[in-house]
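Report on the structure
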Amino acid sequence: MKITSIEIGEIFVPLVTPFKTALRTVENVEDIVICIHTDTEAVGYGEAPPTAVITGDTKGSIVTAIRDFIAPAIIGMEITDLDGIMNRMHHAILKNTSAKACVDMAVYDLYAQNLGMPLYKVLGGASDRVETDLTISVDSIDKMVADSLAAVSQGYRVLKVKVGKEGMADVERIRAIREAVGPDVAIRVDANQGWNPKEAVRIIRRLEDLSLNIDLVEQPVGAHDLAGMQYVTQNTYTPILADESVFCAEDAIRIIQMGAADLINIKLMKTGGIYEALKIAGIAEIYGVECMMGCMLESKIAVSAAAHLTAAKSIITRADLDGPGLCRIDPYTGGPRFEANMIHMTDAPGLGITKVPGLNGEARLS
Ligand code: MG
């Protein structure tokens, strides 16, 4: 099975409710999607969101990276030469991690299809279900409480609450949500770099004093302020999860050796795909640091790839794979079944996605 071409398109999926964090507000998923064609009937699908504020990737940069740099480097290669394909891709262009993730997942899709197995089993996994949290966007207290109660009534048992815009006022948001949902719902807090180190310690200690039982606090301070994150981790009891601070395996080693965080959030759009994400998972296994698998504002292709990886690795103990849950519609055919908080893996080969609107001969951009 040889790679013959890469078809590039766009997907547009409206969100149920605008996605608001300390960094941005987004109303629709507008992602680049690709189809890798081979000299057989098999095709592999990939997806990349243009999360410029986090990865630096835009729609234009993703298309250019794939069309002008990655495609010429890997077209003609045998899909069984996974290591060779990945090395060629990662050397064809620096950074551009979302473009690489897009191609990486399509290559893994084909690699697993070639073996006739679902990707999570090819990666060595046995669990056929992945439980995800649901993100509660930063908003007024009343709106966040209403959104939280709606999520719980849909079956979600873990909420990820976005804060970081208003310092100590964020404590009131979290307290109101805890009081509304009761003690049995796990609450994760994501500050998206919104606090400074001392502010973060003050807020997290306050959450601890109020016994709000927070599962973890994600990226309390700036991505590059590792000393600040270390200060927060050392001066609070609540587990601290590094997100924007960890893109690659080298970042993970540095964070773990510094004790700058207790947990690591792996996202395919930061690592450049599954190939690099597996390296972070391996490092985390060595040090006994549990990981969360996260996603950007991605629809079902990219989140399916992340779910396959989550189902494959026991060191990934938490999943924040709510992209499809935030979308108003599912435009794809096939793939894992997303039923509220539970992602059910299937035995379909590869990622399992069999049809992507706009692709297969109808490319709009390539
Ligand atoms: Mg985050």
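The rules behind each value
Residues numbered from 1 in each chain as written. Predicted model: local features only at pLDDT ≥ 70, side-chain atom pairs only at ≥ 80, totals over all residues. Heavy atoms only, no water. Donors = N, O, S within 2.8 Å, 3.2 Å for Na, K, Ca; no water. Helix = DSSP H or I, 4+ residues; strand = E, 2+ residues; numbered from the N terminus. pLDDT = per-residue confidence, 0-100. Contact = heavy atoms within 4.5 Å. Salt bridge = Lys/Arg side-chain N within 4 Å of Asp/Glu carboxyl O. Buried < 20%, exposed > 50% of the residue type's maximum accessible area, 1.4 Å probe, protein only. Pairing = 2+ DSSP bridges. Right-handed = clockwise from strand over helix to strand, strands pointing away. Axes fitted to C-alpha atoms, helices over the stretch in contact; angles between N-to-C directions. Domains from an automatic or database assignment. Buried area = accessible area lost by both parts, 1.4 Å probe.

**Quick word on the coordination of the magnesium ion**
At this site the magnesium ion is bound by Asp190 (OD), Glu218 (OE) and Asp243 (OD), with donor distances of 2.1 to 2.4 Å. Spacing between the donor residues of the magnesium ion along their common chain follows D-x27-E-x24-D. Here aspartate 190, found in strand β7 (residues 186–190), pairs with aspartate 243, found in the loop between β9 (240–242) and α10 (249–258); they are 53 residues apart in sequence, far enough to count as distant.

**Some points on the confidence of the model for the chain**
Here the chain averages 95 in pLDDT, while 98% of its residues score no lower than 70. Overall, residues 361–366 carries pLDDT values under 50, and its contacts beyond four positions in sequence, including any with other chains, amount to 16 contacts.

**Description of the pattern of salt bridges**
In total, this model carries 26 salt bridges according to the counting rule given. With its nearest N and O atoms 2.7 Å apart, the salt bridge here joins lysine 59 to glutamate 10. With lysine 59 in helix α2 (residues 59–74) and glutamate 10 in strand β1 (residues 3–20), this residue pair connects regions lying 49 residues apart in the sequence. A relative accessible area of 26% means that lysine 59 is categorised as partly exposed. With a closest N to O distance of 3.5 Å, glutamate 285 and lysine 313 form a salt bridge.

**Quick look at the pairing of β7**
Counting buried residues in β7 gives four out of five residues, a clear majority hidden from the surface. Relative to β7, strand β6 (residues 158–162) runs parallel, the two being bridged by five bridges. Across the sheet, valine 161 pairs through a bridge with valine 189, a residue of β7. As a crossover connection, the stretch from β6 through helix α7 (residues 169–181) into β7 is right-handed. Across four bridges, the pairing between β7 and strand β8 (residues 214–218) is parallel. Bridge pairing in β8 places aspartate 190 opposite glutamate 218. Note that the unit made of β7, helix α8 (residues 197–209) and β8 has a crossover that is right-handed.

**Considerations on the sheet that holds β8**
What holds strands together in a sheet is hydrogen bonding between their backbones, with the strands either parallel or antiparallel. On the basis of which strands lie adjacent, the open sheet formed by eight strands has the order β5-β6-β7-β8-β9-β10-β11-β12 and parallel pairing. For this open sheet the edge positions go to β5 (134–136) and β12 (316–320), each flanked by a neighbour on one side alone. Sheet twist, expressed as the average angle between the axes of neighbouring strands with direction ignored, equals 30°. In this sheet, strand β10 (residues 263–267) lies alongside β9 in parallel orientation, the contact comprising two bridges. Paired with leucine 241 across the strands is leucine 263, a residue of β10.

**Concerning the sheet that holds strand β14 (residues 337–339)**
Reading across the sheet, the three strands line up as β4-β15-β14 and stay open at both edges, with antiparallel pairing between neighbours. Of all the strands in the sheet, just β4 (129–131) and β14 have a single pairing partner and so form its edges. Taken over all neighbouring pairs, the strand axes of this sheet differ in orientation by 20° on average, direction set aside.

**Notes on the domain arrangement of the chain**
When cut into domains, the chain gives domain 1 (3–117) and domain 2 (121–353). If you look at the interface, domain 1 gives 44 residues, while domain 2 gives 48 residues. Interface area for domain 1 against domain 2, summed over the two sides, is near 3700 Å², with a carbon-plus-sulfur share of 68%. When the buried area of domain 1 at its contact with domain 2 is split by residue, Lys20, Tyr108 and Met117 rank highest and sum to 14% of it. At the surface where domain 1 touches domain 2, the tally comes to one salt bridge. A salt bridge links aspartate 139 to lysine 20; the nearest nitrogen and oxygen atoms lie 3.2 Å apart.

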